[in-house]
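Each chain, letter by letter, is given below.
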Amino acid sequence: MNQRALRTLAMAVPLALTLTLFVTPALPHHSFAMYDQTKTVTLTGAAKQFVAQANHAELHFILIAPDRKGLAKGPDGKYIEWGVEMAGAAAVAQQGITAESFKVGTVFSVKMNPLRDGSNFGSRVGAIAKCPVDPATNKPKLPEADKHCDSVPGATLLGGNTF
Amino acid sequence: MRAGWFAVSCSFAALFALVLLSPLPVALDAQENGKGKQGKGGRGQVDGQLQPPITGAPFGRAATPTFAGPPAGMQALATDLFTSKNFYKDRALWSDKRYFRCNTPRQITDSWTSGRIGKNPPQSAAWGDCNIDYPREKILSPYPYKTAKEHYEALLAAAKAKGGPTVYTKATVPDWDGWYGRDNSYSSSQWTWGTINQVPTILSLLTPEYQKRMVQMNYHEGVDNAPQWNASFCYPEGFMRWWSQASAGGNFQLTMNVNQVQFLSGLAANFLRQVLIGKEHVQKVPQWYGETIGFWEGTTLVTWTANIQGWTISHSMFEFSNRLETVETYKPALDANGRFIGLDHEAVFYDPEAFVAPLHVTMRFLRAAGLDNATRRYTYIECLSNLRNVNGHPTQLTAASDQFIDYYGRPWAKNWEKYFEAGWDKPQDDVPQEILDIFK
């Protein structure tokens, strides 16, 4: 095998391994007709609950205000909760998305196709960006106003290479 | 250049091998998430997210091209499934593949989620490839038997004629224990997946009543975007879903002893099939996955499943009745060196109420690992859903709905708090303190 082939092999093997990770299990167990696949919303919030369902794991989170200075509140003065549905818990665990990595209070950003009926729930699109934690305060480093966790130096992407 | 392609090929061979050997039992169905360049297809999940429609999957579910209008040489009917005002009145057209715009059942079920429905639904629904079809004669059982009982007893008599059935001891029972997955090289004959046939070919296997039921499903999935998938509502999967593509029923954990052979599999719900060796049917009420008895003839396992609850394969395929019974055989598949690699399986379906004749399908299940594998687990599936029909359409409920069940949030307590603790002065703990502390 010549040098060129070895170089190609060196590039292709990681590619194959990466793809292997990506095609590992999880089939849709229900129709996704209820999601509006023509719309994508990007939201940043703090994890309230990771629901490790075998079929479709969910992350429930409290929305952070666009100015990133507090939690968002609705017209009724209550905090706004959203949820995002993903593949099965076993599949997303391979991407590092678990109850352990998304403990309560973990700040992250996610893109999703929202429900057609306007409810605060969607199906995940692409990677999840986790905001880094400041070791000095043990609190998350928040993005600037109107930006998301992917913009924060030290952010982690899970389940994809781009946000 | 050739060496370069060799390197790439090696890598993808490695990829395929790794997928095949993935520790998760559903890994072998990852082909449903395949990518390609032609045609629009069903929605899959790749890299753990819910993906937009994928194109040109290498196997069935999404492989056929999409045509905006009738393919060359085809003329649209004046009335078809997507323009009909009452499909019941169109029965004379049901045998014409143009009535379904040459879409396979799977393509119809995915009409809305794959984008096949077009921009002016339902009239703008895409056409499929009119040349795709799996021969009806290959679906029909090749055997002369009219009933499962007749079939099973004939095989049993043949075994007895040879001195059988074979009776094993704990020490001699065949060692088939392990984790199995479907051999995807058989996908081109899996008509039960609904991916390789024109709809009229499947309809031709059904009695008039069951034809009507199937077209009803085609219409409401393809035209009304009102799919009623079993798993959406945590309905039982039903017996024949074991043979559907997405159920992953054929990717199973197999354990066996002298008295029974057990197949455990599932994705949205669990499939538990137990072959009771040397027993008789005793259950008088239909069971969701039937009651299976069997015997050994040498290393061939012969089974007869009866007492099955009628149900549906769903996904624009067909329903089956309580009269469905199967005779199945499992034979060891060996490689060139005589090494056991899996099981060759044949199922013959007898349902005189739903099918016009007995049907059959074959599949090879490859053993990917033994039960001694250190990391494989069968995770028992509790189907949990917050999808309900709202105005006829499956709708994901959220916490804002009265009907929403927070399965992981002490739902029993939610009920008490709503109905019996209203107005009480209680601690406000809706938002975890960890979240509130972020902004302190």
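Draft legend 1. Quick look at the overall build of chain B. Looking only at helices and strands, one finds 8 helices and 15 strands in chain B. Counting the 440 residues in chain B, one finds 42% classified as buried. Here the analysis covers contacts within chain B between residues at least 6 apart in sequence; of these, 60% occur between residues at least 24 apart.

Draft legend 2. Broad picture of the overall build of chain A. The helix and strand tally for chain A stands at 2 helices and 8 strands. Element order for chain A, N to C, with α for helix and β for strand: α-β-β-β-α-β-β-β-β-β. For chain A, contacts bridging at least 24 residues in sequence account for 61% of all contacts bridging at least 6.

Draft legend 3. Fine view of the nonpolar core. Residues Phe-108 of chain A together with Leu-206, Met-214 and Phe-318 of chain B are the most contacted members of the largest nonpolar core, which totals 109 residues. Formed by 7 residues, the second largest nonpolar core is a distinct cluster that contains Leu-267, Ala-268, Ala-269 and Cys-383 of chain B.

Draft legend 4. How the structure looks around the confidence of the model for chain A. Mean pLDDT over chain A stands at 83; residues scoring 70 or higher make up 80%. Within the model, the stretch residues 8-26 of chain A combines pLDDT values under 50 with 45 contacts to residues more than four positions away or in other chains.

Draft legend 5. Molecular detail of the environment of Tyr-330 of chain B. Looking at where Tyr-330 of chain B falls in the secondary structure, it is placed in strand E11 (residues 325-334). For the pair Tyr-330 of chain B and Lys-146 of chain B, spaced 184 residues apart in sequence, the C-alpha to C-alpha distance is 21 Å.

Draft legend 6. Fine view of the environment of Val-348 of chain B. All names here are of chain B. Looking at the secondary structure, you find Val-348 in strand E12 (residues 340-350). Taking the number of C-beta atoms within 10 Å as the measure of exposure, Val-348 has 21 and is therefore buried. Separated by 58 residues in sequence, Val-348 and Asp-406 place their C-alpha atoms 42 Å apart. Residues contacting Val-348, with those up to four places away along its chain left out, are Ser-141, Tyr-143, His-151, Thr-326, Val-327, Pro-358 and His-360.

Draft legend 7. Broad picture of the sheet that holds E11 of chain B. All names here are of chain B. The strand order around the closed barrel formed by 9 strands is E3-E4-E5-E6-E7-E8-E11-E12-E13, and the pairing between neighbours is mixed. Between one strand axis and the next, the sheet turns through 30 degrees on average, direction left out of account. Across 3 bridges, the pairing between strand E6 (residues 270-277) and strand E7 (residues 291-297) is parallel. Within E7, the residue paired with Ile-277 across the bridge is Gly-294.

Draft legend 8. Region of interest: the confidence of the model for chain B. Residues of chain B with pLDDT of at least 70 account for 84%, and the chain-wide mean is 85. Note that residues 1-63 of chain B has pLDDT below 50 and, in this model, 184 contacts with residues that lie over four places away or in other chains.

Draft legend 9. Examining helix H6 (residues 208-222) of chain B more closely. Look at H6 of chain B: 21 Å from first C-alpha to last across 15 residues, which is about the 21 Å you get at 1.5 Å a residue. Of the surrounding secondary structure, the elements contacted by the buried residues of H6 of chain B are helix H2 (105-109), helix H5 (199-203) and strand E10 (319-320) of chain B.

Draft legend 10. Just unusual backbone geometry, in detail. Residues and elements named next belong to chain B. The omega angle of the peptide bond from Pro-121 to Pro-122 is 0 degrees, so this bond is cis rather than trans. Along the polypeptide, Pro-122 turns up in the loop between H2 and helix H3 (136-139). The linkage connecting Gly-164 with the following residue, Pro-165, adopts the cis geometry, with an omega of -5 degrees. With respect to the helices and strands, the residue Pro-165 is situated in the loop between helix H4 (148-161) and strand E3 (178-182). Phi at Ser-314 takes a positive value of approximately 65 degrees, unusual for a residue other than glycine. Note on placement: Ser-314 falls in the loop between strand E9 (311-312) and E10. For Ser-314, a count of 27 C-beta atoms within 10 Å puts it in the buried group.

Draft legend 11. Local environment of the pairing of E7 of chain B. All names here are of chain B. Burial analysis of E7 places 6 of its 7 residues in the buried class, the great majority of the element. Where E7 lies against strand E8 (residues 300-306), 7 bridges are found, and the strand directions are antiparallel. Across the sheet, residue Trp-296 finds its bridge partner in E8, namely Leu-301. Two successive antiparallel strands, E7 and E8, enclose a turn made up of 2 residues, where Gly-298 displays a positive phi of approximately 60 degrees.

Draft legend 12. Quick look at the pairing of strand E5 (residues 121-130) of chain A. Residues and elements named next belong to chain A. Among the 10 residues that make up E5, 9 are buried, leaving the element largely enclosed by the rest of the structure. Note that strand E3 (residues 81-85) and E5 share 3 bridges and pair parallel. Counterpart to Val-84 in the pairing with E5 is Gly-122. Alignment of strand E4 (residues 107-114) against E5, held across 7 bridges, turns out to be antiparallel. By the bridge assignment for E5, Lys-111 is matched with Val-125.

Draft legend 13. Summary view of the environment of Gln-123 of chain B. Residues and elements named next belong to chain B. Its location among the elements puts Gln-123 in the loop between H2 and H3. Take Gln-123: there are 12 C-beta atoms within 10 Å of it, and that puts it in the exposed class. Residues Gln-123 and Val-223, 100 residues apart in the sequence, show an inter-C-alpha distance of 8.6 Å.

Thresholds, definitions, all that
- Residues numbered from 1 in each chain as written.
- Chains lettered and ligands numbered in written order.
- Predicted model: local features only at pLDDT ≥ 70, side-chain atom pairs only at ≥ 80, totals over all residues.
- Helix = DSSP H or I, 4+ residues; strand = E, 2+ residues; numbered from the N terminus.
- Buried ≥ 20, exposed ≤ 12 C-beta atoms within 10 Å, placed from the backbone.
- Contact = placed C-beta atoms within 7 Å.
- Core = buried A, V, L, I, M, F, W, Y, C linked by C-beta atoms within 7 Å.
- pLDDT = per-residue confidence, 0-100.
- Pairing = 2+ DSSP bridges.
- Axes fitted to C-alpha atoms, helices over the stretch in contact; angles between N-to-C directions.
- Expected span 1.5 Å × (residues − 1).

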